[in-house]
Amino acid sequence: METEEIRHLLAKALEARKNSYSPYSLYPVGAAVMAGDGTIYTGCNMENVSYPASLCAERNALGSAIADGKRDFLAIAIIGSPDDYTMPCGICRQVLAEFRVPLIICGKSENDYRLFTLEEIFPAAFTADELKKK
Ligand code: THU
């Protein structure tokens, strides 16, 4: 993926972060996922007073894409704290694996980011193949 596209995806994640509903953690997160056709879907974290009912930015972004009929993806960008690279949580990694999102862009800003492959951050994943082995 071109640097310009990466920066654009990070800018979209940053924009979505502004809408974060995170009154409990006070840790706003934004995400932007690019579908195979280049369409970008964004999401932010959405917390709940019943804490486990909260949803991460990545799954919100992917949910929008899925609702729009998308099934294949090129990359996802995530921005949380400007002081560190926010890594996807375990549940989000499982969801990223479900849709084989190949590239994970963790940013502090549009110009400061780290790139990871799905395999790097979620090796030896439980996948649909395992179900065939029962
Ligand atoms: N969070 C995300 O939205 N994505 C991540 O990758 C890490 C954590 C959210 C969940 C919760 O609303 C807040 O950040 C603090 O954990």
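This text follows the structure it describes.
Cut-offs applied
- Residues numbered from 1 in each chain as written.
- Predicted model: local features only at pLDDT ≥ 70, side-chain atom pairs only at ≥ 80, totals over all residues.
- Heavy atoms only, no water.
- Pairing = 2+ DSSP bridges.
- Helix = DSSP H or I, 4+ residues; strand = E, 2+ residues; numbered from the N terminus.
- Core = buried A, V, L, I, M, F, W, Y, C linked by side-chain atoms within 4.5 Å.
- Buried < 20%, exposed > 50% of the residue type's maximum accessible area, 1.4 Å probe, protein only.
- Patch = residues over 30% accessible without salt bridge, like charges linked within 9 Å, V, L, I, M, F, W, Y side chains within 5 Å.
- Areas by Shrake-Rupley, 256 points an atom, 1.4 Å probe, with all protein chains shown as cover.
- Salt bridge = Lys/Arg side-chain N within 4 Å of Asp/Glu carboxyl O.
- Polar contact = N/O pair within 3.5 Å; in protein donor to acceptor, adjacent residues only side chain to side chain.
- Contact = heavy atoms within 4.5 Å.

**Regarding the pairing of strand β5 (residues 113-117)**
Okay, so step 1: As defined by bridge partners, strand β4 (residues 103-107) adjoins β5 across five bridges and the pair is classed as antiparallel. Across the sheet, residue Leu 103 finds its bridge partner in β5, namely Thr 117.

**Topic: the nonpolar core**
Okay, so step 1: Membership of the largest hydrophobic core comes to 21 residues, with the highest contact counts inside it found for Val 33, Phe 73, Ile 76, Leu 96 and Ile 104.
Okay, so step 2: If you list the elements that add at least two residues to this core, you get β1 (30-35), α2 (57-67), β3 (73-79), α3 (90-98), β4 and α4 (118-121).
Okay, so step 3: A per-element tally of this core places α2 first, with four residues.
Okay, so step 4: Ile 6, Ala 77, Ile 79 and Leu 103 belong to the second largest nonpolar core, which has 11 residues in total.

**Quick notes on a nonpolar patch on the surface**
Okay, so step 1: Where nonpolar side chains cluster on the molecular surface, the patch consists of Tyr 21, Tyr 24, Met 46, Val 49 and Tyr 51 and spans about 570 Å² of accessible area.
Okay, so step 2: Among the secondary structure elements, Tyr 21 is positioned in the loop between α1 (3-17) and β1.
Okay, so step 3: With relative accessibility at 44%, the residue Tyr 21 sits in the partly exposed group.

**Points about the side chain of Ser 22**
Okay, so step 1: With respect to the secondary-structure elements, Ser 22 resides in the loop between α1 and β1.
Okay, so step 2: Assessed through its relative accessible area of 9%, Ser 22 is described here as buried.
Okay, so step 3: Here the side chain of Ser 22 touches Ser 20 through a polar contact of 2.8 Å, side chain to side chain.
Okay, so step 4: Those residues within four positions of Ser 22 in sequence are excluded, and the remaining contacts are Tyr 27, Pro 28, Asn 45 and Glu 47.

**Details of the environment of Leu 26**
Okay, so step 1: Turning to its location among the elements, Leu 26 is positioned in the loop between α1 and β1.
Okay, so step 2: Classification of Leu 26 by relative accessible area gives exposed; the value is 67%.
Okay, so step 3: Sequence separation between Leu 26 and Gly 80 is 54 residues, and the spatial gap between their C-alpha atoms is 11 Å.

**Some remarks on the environment of Phe 126**
Okay, so step 1: Here Phe 126 lies in the loop between α4 and α5 (128-131).
Okay, so step 2: Sequence spacing of Phe 126 and Val 33 is 93 residues, and the spatial spacing of their C-alpha atoms is 22 Å.
Okay, so step 3: Those residues in contact with Phe 126 that sit more than four places away from it in its chain are Gln 94 and Leu 131.

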